[in-house]
Amino acid sequence: MTIGGIYTSLEDFDSTQVDSIVTSIANEYEENGTAIDKIEVSSDVEEEDLLWLIAINSVAHQQDLDAMSAEDVRSFCTAHLVLTPSLDFLTGEGDAVNTTLKIQIEKPDPDQLMDQLGFDEEAKTWAGAMFEVLRDSDALKKYTSYFEEFRPSYEGDTSYEGGGSNLEHGSGHGSAIDTSRFVSPGTKNNLDLAAYAVQAWENNWGYVWGTYGNVLTESLFAYKLKQYPDGVGKYKDFIRANWLGRRTADCVGLIKGYGWLDASSGAIRYGTNGMPDYGANQMYQSAAVKGPMSTMPEIPGLAVWKSGHIGIYIGNGYVIEAMGTKYGVVKTKVDGRGWQGWCKLPSITYIEG
């Protein structure tokens, strides 16, 4: 349960925050030349541990609901997870070596965490009381219905009905990210975000929930199937036929991939360069500069948003968006897609004029 409804259960937490980190770890091994054949994730975290994290976060913010945003809760919980990756090498038929990436998520220690945060005895007492209230009231289940509308569609923007001229696919199939087309590779700016999005479109990147520009390997695909048996599993055959072995992203993952891109190496490193790990709605809500579509200025690299979905405006009336599993990354006209607002993205410097 969070203030903004990002997750309301341990299962939802595992399927969002833990998933992003696991995807990043697997991607780093692959980029460093270690092919991963299988991903196994085990967790000692239980529902009561999640309640402790929420309670401690509440006290850390002195229960100030204006300061304690949904993003704060999520970032706090993610930052205090302890993940231990390891590799197992097993020899199979014909002396082939199968590599399994094993990731253990360790159980958090509330007392140790409160000590790290400098809690005095009074603060620890308040955190314990908050934990008991959350536990005894069965808060995670009690308030689930309030947050149903915030649950994401793991298959993308399902409002698009197809057909017509308002959708274009690129003509290439490359996986390279060409930073020579950037105006300032060493910074994170709107013009390079737009250029990055255009490359994703030109090379027909696919759509898989929870990815952000990674190459979809067999092991990563198998992991996503296990994490999202409905949203990803529903399109298992389609994804295998169309997106396996290619770069993929979900809608906000297209933005985060640019934010986390190391332009010097071409690697996408989770959580880097100040780009937050937000969902589409949180990305829009956190923006300091935003407005309704009727007020959108002509600035490439702005984000366009509607509930549960986000895209990148590239100028001249067009948007690049990771639309959904059946479409991948496409170019669409800004008009007629039901966008509700625009914003300047956090951690992006906007070059105008």
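Parameters and conventions
Residues numbered from 1 in each chain as written. Predicted model: local features only at pLDDT ≥ 70, side-chain atom pairs only at ≥ 80, totals over all residues. Heavy atoms only, no water. Helix = DSSP H or I, 4+ residues; strand = E, 2+ residues; numbered from the N terminus. Buried < 20%, exposed > 50% of the residue type's maximum accessible area, 1.4 Å probe, protein only. Contact = heavy atoms within 4.5 Å. Core = buried A, V, L, I, M, F, W, Y, C linked by side-chain atoms within 4.5 Å. Pairing = 2+ DSSP bridges. Axes fitted to C-alpha atoms, helices over the stretch in contact; angles between N-to-C directions. Phe/Tyr/Trp six-rings, centres within 6.5 Å; stacked < 30°, edge-to-face > 60°. Parallel < 35°, antiparallel > 145°, perpendicular 65-115°, else oblique. Left-handed = near helix turned anticlockwise from the far one by under 90°. Nonpolar A, V, L, I, M, F, W, Y, C, P; charged D, E, K, R; others polar. Salt bridge = Lys/Arg side-chain N within 4 Å of Asp/Glu carboxyl O.

Helix and strand counts for the protein chain come out as 11 helices and 13 strands. The buried share of the protein chain, taken over its 353 residues, is 52%. Counted over contacts in the protein chain with a minimum sequence separation of 6, partners at least 24 positions apart contribute 70%.

This brings us to unusual backbone geometry. Backbone geometry at N204 places phi at a positive 55°, although glycine is not the residue there. Its place among the elements puts N204 in the loop between α7 (190-202) and β4 (212-215). A positive phi angle is found at N273, which is not glycine, with a value near 60°. Residue placement: N273 occurs in the loop between β7 (267-268) and α11 (280-285). Accessibility expressed as a relative area gives 45% for N273, which makes it partly exposed.

One finds Y196, L254, I310 and L345 to be the most contacted residues of the largest nonpolar core, which totals 72 residues. Ranked by residues supplied to this core, first place goes to α7 with seven residues. Setting aside its immediate chain neighbours within four residues, I310 contacts C251, V252, I255, A280, M283, A303, V304, W305, E321, W339 and L345. Core analysis: the second largest hydrophobic core is formed by 18 residues, L53, M114, L134 and L140 among them.

In this section: the sheet that holds strand β8 (residues 290-292). Each strand in a sheet pairs with another by means of backbone hydrogen bonds, the pair being arranged parallel or else antiparallel. Here we have six strands laid out as an open sheet, ordered β8-β13-β9-β10-β11-β12, and antiparallel in their pairing. Whereas interior strands pair on both sides, the edge strands pair on one side only; in this sheet they are β8 and β12 (328-333). For this sheet, the mean inter-axis angle between neighbouring strands, taken without regard to orientation, is 30°. Across the sheet, α7 is in contact with β10 (309-315), β11 (318-324) and β12; its angle to β10 comes to roughly 105°.

Overall, the coordinates contain 10 aromatic pairs when judged by the stated rule. For the ring pair Y196 and Y258, a centre distance of 5.7 Å and an interplane angle of 55° mean the geometry is tilted. Taken together, the residues span a long stretch of sequence, with Y196 in helix α7 and Y258 in helix α10 (residues 251-259) at a distance of 62 residues. The burial state of Y196 is the same as that of Y258; both residues are buried. Seen from their ring centres, Y284 and W305 are 4.2 Å apart, and the 5° between their planes marks the pair as stacked.

Right, let's talk about the packing of α7 against α10 for a bit. Across the interface, α7 lies against α10 with an axial gap of 10 Å and an inter-helix angle of 120°. When the axis of α7 is compared with that of α10, the two are oblique. Taken as a pair, α7 and α10 cross one another with a handedness that is right-handed. Each of D192, L193, Y196 and A200 in α7 lies in contact with α10, whose residues at this interface are L254, I255, G257 and Y258. Per-class residue counts for the contact of α7 with α10 are six nonpolar, one polar and one charged.

What follows covers the pattern of salt bridges. Going through the model one piece at a time under the given rule, you end up with 13 salt bridges. A salt bridge links K124 to E121, with the nearest nitrogen and oxygen atoms 3.9 Å apart. With K124 and E121 both in helix α5 (residues 121-136) and three residues apart, the pair spans about one turn of that helix. By relative accessible area, E121 is classed as exposed at 58%.

Turning our eyes to something else, we now look at the packing of helix α2 (residues 47-60) against α5. For the pair α2 and α5, interaxial distance at closest approach is 8 Å and the crossing angle is 135°. By the angle between their axes, α2 is oblique relative to α5. In terms of crossing hand, the pair formed by α2 and α5 is right-handed. Judged by residue contacts, E48, L51, W52, I54, A55, I56, S58 and V59 of α2 engage A123, W126, A127, G128, M130, F131, L134 and R135 from α5. Partitioning the contact of α2 with α5 into residue classes produces 12 nonpolar, two polar and two charged.

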